[in-house]
Amino acid sequence: SHRPLCPPGIKCGGVLSAPSGNFSSPNFPRPYPYETECTWLIVVAEGSSVLLSFTHFELEYHAACAYDYLQVYNGATRDQGNLLGTFCGRSPPPPFSSAWHVLAVVFRSDRHVAKRGFTAAYRKDACGGQLTGLSGEITSPRYPESYPNDVECRWSIGAAGSSGPLTLVFTDFQVEGGQGCIFDYVALFDGPTAAAPHLGRYCGSSHPPRTISSSPHLLILFKSDFNIGGRGFKAFFYSAGECQEVFTTIKGNFSSPRYPNFYPNNLKCQWSIQLPLGYRVKVFFLDMELEGRSSLTGDCDYDRLAAFDGGTENGSLLGQWCGRESLEPVTSRSNQLLLVLHTDRNTAKRGFSIAYVGVVPMNISCTRTEFHIQIPVQSLAQLERNRIYLGTRSCAAQVVGRNFKIQTRFDTCGTESQKRNNTSVIVSTLYIDFSADDREDIHQYEVQCEPKRKEASVNLIAGPDPSRLNQAENLVDAQQREGGAMDSHEIRSQDTSDIVFISICILAGLLMVIAVVGLVLL
């Protein structure tokens, strides 16, 4: 059979910078050569996008396109986070519109079976186009220079492979104003066409609000009249289903988009955890791999995950991470915590997986002989009192006023004495049973008392994933003493030395009183 060869100097790949053009696989329409790899980089003016379409397409077929294939990337780098699709066989790729002004096309053939290949055409789209992918960026024509007059642009966004809604955020906005926005304006529609429900019409210099569609489609229409312009606008979009979530349950878990596969580039994702007043939020990092730190600054300048105390990025920063790190848990100071993921235009990684648990507000104190535990009823309003118990279910909480209350002696309720840092402490386990619908969900807190000092502390010992929390995670308020690490030697028997000591003191006092009374009577 005829074996196609790649002649020396054959044109294959390159940079295409004209406003429009065509390119094809080597030898087209004859079979392409074996063991060939070509990369075409299409670069148009910033503020424009690239429209790419295929007029003929015939590559060797494989179900996973593992032999001969064509790949299309948003941006200049061959990065999994930028990949728009991999194609082979006889079904041509759909038309593409890039999310910014650069698009890369990669063609590769193996050493067996060659077909006719493909032809493609591209053109610079002054504005508008069909946008795919989980995220992308949109700018008005010539941005940040003044946009032209008499322009109408339509961006139709359909998130590839997503069934969730889309979120659109404007980061800059300056369009000719006027009452009713009848001159220049941006209009948003909840669907792929202008026949879809209207989401808003905006002009002037105030940023339009964050907009969330009800489906995986969104249309953005920009129109300018015959005079007076402005700087225009810049906006980014992302699939809200994986990238914009609010959690209100006492515990939960979530991960970066596409985890454990590579996350998309050019993202800004937010996960907001909002719990009842009095609670704090504890976040556990089960797995994390982001793009690493900058070699120049040593900081997380590229991709990063940040945690903020409260519901907004104005809250105090609890931590910021990147690279491949094993992270300690983070606890909020309020009942809300916000996690924000920023990714840049290249070098994506596996991402992260996170679990969180709400730290129940409680007041723990102790005497030389007793634990005192109080939890506001409103914090556990949905629970019966017998769902809150110390050591065993027979030591359940009582309802006293507005609090669940447990007051119990050290010689009951499964308490035990242990040596920690050469100090005798009394330890028990507080159980809070959130189980529902046949799903067991019991949170465990270790309560600890140092009787000589009458100091108590509490630690979460089982929350979102007990197998990962094999060491007690301290949840003590700043004013409370932190419990020490468990000594390898544990005294399992009940230590009653303090109780015996108190009893002897009382008995000695009684004997002394009897002796004094006897002397008086004599």
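Residues numbered from 1 in each chain as written. Predicted model: local features only at pLDDT ≥ 70, side-chain atom pairs only at ≥ 80, totals over all residues. Heavy atoms only, no water.

**Comments concerning the pairing of strand β22 (residues 280-289)**
- Where burial is concerned, most of β22 is hidden: eight out of the 10 residues are buried.
- Relative to strand β27 (residues 351-359), β22 runs antiparallel, the two being bridged by nine bridges. Considered in β27, the bridge of F284 is made with A355.
- Pairing between β22 and strand β25 (residues 330-331): two bridges, direction antiparallel. Paired with V283 across the strands is V330, a residue of β25. (Buried < 20%, exposed > 50% of the residue type's maximum accessible area, 1.4 Å probe, protein only. Helix = DSSP H or I, 4+ residues; strand = E, 2+ residues; numbered from the N terminus. Pairing = 2+ DSSP bridges.)

**Section: the side chain of T343**
- The topology assignment puts T343 in the loop between β26 (336-342) and β27.
- Accessibility expressed as a relative area gives 6% for T343, which makes it buried.
- Beyond its immediate chain neighbours, meaning those up to four positions away, T343 contacts Y263, P264, N265, N266, L267, Y302 and D303. (Contact = heavy atoms within 4.5 Å.)

**Considering the nonpolar core**
- In this structure, L305, I375, L380, L430 and I432 are the most contacted members of the largest nonpolar core, which totals 61 residues.
- Discounting chain neighbours no more than four positions away, the residues touching I375 are V360, P361, M362, L380, I388, R402, N403, F404, L430 and I432.
- Core analysis: the next-biggest nonpolar cluster, separate from the first, contains 30 residues, Y147, V151, A187 and F233 among them. (Core = buried A, V, L, I, M, F, W, Y, C linked by side-chain atoms within 4.5 Å.)

**A word on the sheet that holds strand β29 (residues 370-376)**
- Strand order in the open sheet formed by four strands is β28-β29-β32-β31, and the pairing between neighbours is antiparallel. Pairing within the sheet leaves two strands with one partner each, and these edge strands are β28 (363-366) and β31 (398-400). Recorded for the sheet is a direction-independent mean angle of 25 degrees between the axes of neighbouring strands.
- Where β31 lies against strand β32 (residues 403-409), three bridges are found, and the strand directions are antiparallel. (Axes fitted to C-alpha atoms, helices over the stretch in contact; angles between N-to-C directions.)

**Section: the sheet that holds strand β24 (residues 317-321)**
- Judged by pairing direction, the sheet is mixed, and its five strands sit side by side in the order β19-β21-β26-β23-β24 without closing on themselves. Two strands bound the open sheet, and with one partner strand each, they are β19 (244-247) and β24. Shown here is a sheet whose adjacent strand axes are inclined to one another by a mean of 10 degrees, direction ignored.
- Sheet topology note: the strand β23 (residues 304-309)/β26 ladder contains six bridges and is antiparallel. Its bridge partner being in β26, D309 is matched across the sheet by L337.

**Quick word on the pattern of salt bridges**
- Enumeration over the complete set of coordinates arrives at 15 salt bridges.
- K251 is paired through a salt bridge with D441; the nearest N and O atoms lie 2.8 Å apart. Of this pair, K251 sits in strand β20 (residues 251-255) while D441 sits in the loop between β34 (423-433) and β35 (442-450); the two residues are 190 residues apart in sequence, bridging distant segments of the chain.
- The salt bridge involving R387 is made with D433; its shortest N-O contact spans 3.9 Å. Within this pair, whereas R387 is found in the loop between β29 and β30 (388-390), its partner D433 is found in strand β34, the two being separated by 46 residues in sequence.
- Under the relative-accessibility criterion, R387 is labelled partly exposed at 26%.
- Exposure remark for D433: the relative accessible area of 6% places this residue in the buried category.
- Each of D287, E289 and R350 takes part in one network of salt bridges that share partners. (Salt bridge = Lys/Arg side-chain N within 4 Å of Asp/Glu carboxyl O.)

**Some remarks on the environment of E245**
- Structurally, E245 is set in strand β19.
- The partly exposed category is assigned to E245, whose relative accessible area is 27%.
- Distance from E245 to I273, taken between C-alpha atoms, is 8.6 Å for residues 28 residues apart in sequence.
- In this view, E245 contacts Q270, W271 and S272; residues no more than four positions away in its chain are not counted.
- Among the polar contacts made by the side chain of E245, one reaches the side chain of W271 at a distance of 3.5 Å. (Polar contact = N/O pair within 3.5 Å; in protein donor to acceptor, adjacent residues only side chain to side chain.)

**Thoughts on unusual backbone geometry**
- With an omega dihedral of 10 degrees, the bond running from F28 to P29 counts as a cis peptide bond.
- Within the element layout of this structure, P29 appears in the loop between β2 (20-24) and β3 (37-43).
- The linkage connecting Y143 with the following residue, P144, adopts the cis geometry, with an omega of 5 degrees.
- Along the polypeptide, P144 turns up in the loop between β11 (135-139) and β12 (152-158).

**Overview of the packing of aromatic side chains**
- Applying the stated rule across the entire model yields 22 aromatic pairs.
- Ring pairing ties together the aromatic residues F23, Y32, W40, F54, F57, F107 and F118, which thus form one cluster.
- Across from the ring centre of Y185, 3.6 Å away, lies the NZ or CZ of R201, which sits over that ring. (Phe/Tyr/Trp six-rings, centres within 6.5 Å; stacked < 30°, edge-to-face > 60°. Lys NZ or Arg CZ within 6 Å of the ring centre and 35° of its normal.)

**Re the confidence of the model for the protein**
- On average, residues of the protein score 82 in pLDDT, and 83% of them reach the 70 mark or higher.
- Below a pLDDT of 50 lies the segment residues 1-7, which in the model reaches 12 contacts outside its immediate sequence neighbourhood of four places, other chains included.
- Contacts of residues 464-502 to residues separated by more than four positions or lying in other chains number 74 contacts, the stretch itself having pLDDT below 50. (pLDDT = per-residue confidence, 0-100.)

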